Amino acid sequence: MAITISVLDQSPIYPGETPEEAFAHTIRLAQLSERLGFRRFWVSEHHDSEQVAGSSPEVLISHLLARTERIRIGSGGIMLQHYSPYKVAENFNVLASLAPGRVDLGVGRAPGGLPRSTQALQQGGVEAASLTDKITELDKYVHNRLEAEHPLHGLKAGPLPGIPPELHVLGASVASAEIAASLGLPYVFSLFIGGDQAVALEAVQAYRSGFNRRGGQEPQVIIALAVIVAETEEEAKELAGAHKLIRIRFASGKILTLASREQAEEFTRQSEEAYTLEEREPEITKGTKETVREQLLALAEASGVDEFIITTNIQPFEKRQRSFELLSEALTGAIAGASL
């Protein structure tokens, strides 16, 4: 099976680095991804963080489009619950007009930060629309098809590009897959966040079986995962480190996964809600290019998914670059093997 690789970069700020250096690394990685022939390069949205520089993906996307020529550039993703769908559509319609056929609009519902940043982002807001309603509204604005009975019929999210941005729903649960399926939109399962391959496979199946084809669309599903490729198995394991994911289960039923215990403890302190913490091993595909190729092919066969969005948050940056170069070589091997 031929595998298509895309990249998600979170612009991490490592100890001793500045935000300027983090963005410089993101630019270099986007250009490398283009040279290696990867399909997409996405950037994330995080707020109130000293570890991640990317708080405004649409601004960063604009710069990356100007610094690349062919690769698709997009968001992984815009946290839509914070924003007006109309304004998000305007932002991405501008981007799609500047770089026709190269813009992806991935949307999700993670907070992207701590409760205080959510409060600041939503200050003055009164809308209580569900995420499904907001994605539906966004899709209408992006494709300029508000129905006649819509209270704002005739409104356009200008400019209207010749090729609209490609809208993707991001999630890490069966519920998010069902939302994407009901709306007939492409879906991305974030395995590096969810950390459970069985849930990923269940979500992919739920998405395909429940997909709404009324608009003529076909299911399009991608799996996002963390990958580290190194010259040896030992080096890959060392680069992965002893990282743990912390899952917060709130009394209200909400579940949230964060990258460190410090982040989780600060989140729960600000939320003032009863909770329990659960420590989990992160789902990281790691090893040499041969073993990583085998793991990717196995996941592709199990899921029927032929595109993976890869995140590789390791330091130093040169090792991050080298991991993607080795991954490209692994991909070439996968294509060659598929043609035998």
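Residues numbered from 1 in each chain as written. Predicted model: local features only at pLDDT ≥ 70, side-chain atom pairs only at ≥ 80, totals over all residues. Heavy atoms only, no water.

Here we look at the overall build of the protein chain
This is how the line gets drawn: Helix and strand assignments follow DSSP, with helices taken as H or I runs no shorter than four residues and strands as E runs no shorter than two, numbered in order from the N terminus. Buried, partly exposed and exposed residues are distinguished by accessible area as a fraction of the type maximum, computed with a 1.4 Å probe on protein chains only: under 20%, between the cut-offs, and over 50%, respectively. Note on definitions: a residue-residue contact is assigned when non-hydrogen atoms from the two residues lie within 4.5 Å. Per-residue and other accessible areas were derived by the Shrake-Rupley procedure at a 1.4 Å probe size, with only the shown protein chains allowed to occlude residues.
Looking only at helices and strands, the protein chain features twelve helices and twelve strands. The burial tally for the protein chain puts 49% of its 340 residues in the buried class. Sequence separation of 24 or more characterises 72% of the internal contacts of the protein chain that already satisfy a separation of 6 or more. As displayed, the protein chain has an accessible area near 15,500 Å², and 51% of this comes from carbon and sulfur atoms.

Some remarks on the pattern of salt bridges
Side-chain pairs of opposite charge can arise whenever the charged atoms involved come near each other. The cut-off we apply is this: Each reported salt bridge corresponds to a side-chain nitrogen of Lys or Arg within 4 Å of a carboxyl oxygen of Asp or Glu.
Tallied over the entire structure, the rule returns 16 salt bridges. Among the ionic pairs, Arg145 bridges to Asp139, the shortest N-O distance being 3.2 Å. Residue classification places Arg145 among the partly exposed positions, given a relative accessible area of 44%. You can call Asp139 buried: its relative accessible area is 12%. Here Lys140 makes a salt bridge to Glu147, at a shortest N to O gap of 2.9 Å.

Considerations on the packing of helix α2 (residues 57-67) against helix α3 (residues 85-98)
The line we're drawing: Throughout, an axis means a line fitted to C-alpha atoms (over the contacting stretch in the case of helices), and angles, computed between N-to-C directions, take values from 0 to 180 degrees. Angle categories are assigned with fixed cut-offs, so that under 35 degrees is roughly parallel, over 145 is roughly antiparallel, 65 to 115 is roughly perpendicular, and the rest are oblique. In this count, Pro and Cys sit with the nonpolar residues alongside Ala, Val, Leu, Ile, Met, Phe, Trp and Tyr, while Asp, Glu, Lys and Arg are called charged and the others, Gly among them, polar.
Contact pair α2 / α3: the axes reach a minimum separation of 10 Å and the direction vectors enclose 0°. Considering the angle they form, α2 stands roughly parallel to α3. Between α2 and α3, the contacting residues are Glu58, Ile61, Ser62 and Leu65 on the first element and Asn91, Phe92 and Leu95 on the second. Broken down by class, the residue content of the contact of α2 with α3 amounts to four nonpolar, two polar and one charged.

Some remarks on the packing of aromatic side chains
What counts here: Working definition: rings of Phe, Tyr and Trp (its six-membered ring) pair if their centres are within 6.5 Å, and the pair is stacked with planes under 30 degrees apart, edge-to-face with planes over 60 apart, and tilted otherwise.
For the structure shown, the criterion picks out four aromatic pairs. Ring centres of Tyr207 and Phe211 lie 5.4 Å apart, and the angle between their planes is 70°; on these two criteria the pair is classed as edge-to-face. For the pair Tyr207 and Phe211, a shared accessibility class is recorded, and that class is buried. Members of the aromatic cluster, connected to one another through ring pairs, are Tyr187, Tyr207 and Phe211.

Some thoughts on the pairing of strand β11 (residues 284-287)
Heads up, the rule is: When DSSP finds two or more bridges between a pair of strands, those strands are recorded as paired.
Residues Thr285 and Gly287 line the buried face of β11, whereas the alternating positions Ile284 and Lys286 sit on a face that is not buried. When strand β7 (residues 221-229) meets β11, the two strands line up parallel, connected through four bridges. Along β11, the bridge assignment pairs Ala226 with Ile284.

Some points on the environment of Gly215
Looking at where Gly215 falls in the secondary structure, it is placed in the loop between α8 (197-209) and β7. As for Gly215 and Leu183, which are separated by 32 residues in sequence, their C-alpha atoms are 9.5 Å apart.

Details of the confidence of the model for the protein chain
Applied cut-off: One confidence number per residue, pLDDT, is output by the predictor and ranges from 0 to 100.
A residue-level look at the protein chain finds 87% of positions with pLDDT of 70 or above and a mean pLDDT of 89. Predicted confidence is poor over residues 334-340, with pLDDT under 50, and the contacts of this stretch with residues over four places away or in other chains come to seven contacts.

With respect to the environment of Val174
Mapped onto the fold, Val174 is located in helix α6 (residues 174-183). The sequence separation of Val174 and Glu202 amounts to 28 residues, and the corresponding C-alpha distance is 6.7 Å. Residues within four places of Val174 in sequence aside, it is in contact with Val199, Glu202, Ala203 and Ala206.

Some remarks on the side chain of Glu34
Definition in use: Here Asp and Glu are counted as negative and Lys and Arg as positive; His is not counted, and neither are the chain ends. Two N or O atoms form a polar contact when they lie within 3.5 Å of each other; inside protein one atom must be a possible hydrogen donor and the other a possible acceptor, and for residues adjacent in sequence the pair counts only when both atoms belong to side chains.
Residue position: Glu34 is located in helix α1 (residues 19-35). Summary of buried charges: Glu34 has no salt-bridge partner, and the nearest side chain of opposite charge, Arg70, is 4.2 Å away. A polar contact of 2.9 Å, which involves the side chain of Glu34, links it to the backbone nitrogen of Glu69. Here the side chain of Glu34 touches Arg70 through a polar contact of 2.4 Å, landing on its backbone nitrogen.

With respect to the packing of α1 against α2
As a reminder, the rule being used: Here a crossing is taken to be left-handed if its near helix is turned anticlockwise relative to the far helix by less than a right angle, and right-handed if that turn runs clockwise.
The geometry of α1 relative to α2 is characterised by a closest axis approach of 10 Å and an angle of 45° between their N-to-C directions. In terms of orientation, α1 lies oblique with respect to α2. In this structure, α1 crosses over α2, and the sense of that crossing is right-handed. Residues Phe23, Thr26, Ile27, Ala30 and Gln31 of α1 pack against Leu60, His63, Leu64 and Arg67 of α2. The residue inventory of the contact of α1 with α2, partitioned by class, reads five nonpolar, three polar and one charged.

Considerations on a negative patch on the surface
Heads up, the rule is: Nonpolar side chains (Val, Leu, Ile, Met, Phe, Trp, Tyr) within 5 Å and like charges within 9 Å form the patches, drawn only from residues with over 30% relative accessible area and no salt bridge. All charge positions are set by atom: Lys at NZ, Arg at CZ, Asp at CG, Glu at CD.
A contiguous patch of negative charge, built from Glu233, Glu234, Glu290 and Glu294, is present on the exposed surface. For the negative patch, the elements supplying multiple residues, two or more each, are α9 (233-240) and α11 (289-303). Positionally, Glu290 belongs in helix α11.

So, unusual backbone geometry
With glycine set apart, most residues show a phi of negative sign, and most peptide bonds adopt trans. A cis amide bond links Gly76 to the next residue, Gly77, at an omega of 0°. Residue position: Gly77 is located in strand β3 (residues 72-79). The peptide bond linking Gln315 to Pro316 adopts the cis configuration, its omega dihedral lying at 0°. Mapping Pro316 onto the fold places it in the loop between β12 (307-311) and α12 (317-338). We note that Ser11 has phi near 50°; this positive angle belongs to a residue other than glycine. Inspection of the secondary structure assignment puts Ser11 in the loop between β1 (4-9) and α1. For Ser11, a relative accessible area of 1% puts it in the buried group. Of note, the phi angle at Asn144 is positive, near 55°, even though the residue is not glycine. Inspection of the secondary structure assignment puts Asn144 in the loop between α5 (131-142) and β5 (166-171).

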